[in-house]
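Topology and contacts: notes
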Amino acid sequence: MLQIRKSLMLRETLTSDMGKSAARPVVRAVALAVIGNPYAGRYVDDLTELFEAGRTLGEKFMADLVGMLSQSPIAYGKGAIVGLDGEFEHGGACIHPMLGKPMRAAVGGGKAVIPSNVKVAAAGASLDVPLTHKDDSWSFDHFDTITVTMPDAPRPDEIVVVMAVADGGRLHPRCGQAPR
């Protein structure tokens, strides 16, 4: 049974970079959920409980996350930080098999693979969550990253699951085409 110890939702508004104002603000929103790891400290072949946890978290948080944006979502990403008594696969189980469906439903489609990052780390570790365009994996202007942390998580027997959305790409993209 999924137990959420705590959750955090953040809204970041980007308005300028390097002293240059953006054409419009870009809003990025992130949800972090700290859950117990039912497999901490032991190897288990069947990770179904964590597959289901990912689906449940997506259903619980994604609509509110999208609602935090100023415009329609155009980019997304996901990730997990697994506590030290867990393994990398535990984070992957939370974010890969079943989290994608509620994320795509919330952003209104999503033809592109949802980029992700997972690591095993101690409480307070940061995670760089990659963001890309929801429908075009090759939209260089939308290659971005948001860094998140939960100061007291994950405890050794926990997992921090992260979902991120944005209503734009980088503020001043100039890497989309190679020079000739």
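Structure first, text after, so check above.
Read on for an overview of the structure. Bear in mind the structure is a predicted one, so any value in this text is a computation, not a measurement. (Residues numbered from 1 in each chain as written. Predicted model: local features only at pLDDT ≥ 70, side-chain atom pairs only at ≥ 80, totals over all residues. Heavy atoms only, no water.)

**As for the environment of threonine 147**
Following the sequence through the fold, threonine 147 ends up in strand 6 (residues 144-149). A relative accessible area of 49% places threonine 147 in the partly exposed class. With 19 residues separating them in the primary sequence, threonine 147 and aspartate 128 have C-alpha atoms 4.4 Å apart. The contacts of threonine 147, once residues within four sequence positions are left out, are Ser126, Leu127 and Asp128. Polar side-chain contacts of threonine 147 include one of 2.6 Å to the side chain of aspartate 128. (Helix = DSSP H or I, 4+ residues; strand = E, 2+ residues; numbered from the N terminus. Buried < 20%, exposed > 50% of the residue type's maximum accessible area, 1.4 Å probe, protein only. Contact = heavy atoms within 4.5 Å. Polar contact = N/O pair within 3.5 Å; in protein donor to acceptor, adjacent residues only side chain to side chain.)

**Describing the layout of surface pockets**
Estimated volume of the largest pocket: approximately 250 Å³. Along the walls of the largest pocket sit 15 residues, with Asp17, Arg170, Leu171, His172 and Arg174 positioned nearest its centre. Looking at the lining of the largest pocket, the elements with two or more residues in it are strand 1 (4-17) and strand 2 (20-36). In terms of residue count, the dominant contributor to the lining of the largest pocket is strand 1 (4 residues). (1 Å grid on protein atoms, 1.4 Å probe; cavity = no way out; pocket = protein on both sides within 12 Å on 5 of 7 lines; lining within 4 Å. Points joined across faces, edges and corners; volume = space filled by probe spheres on them.)

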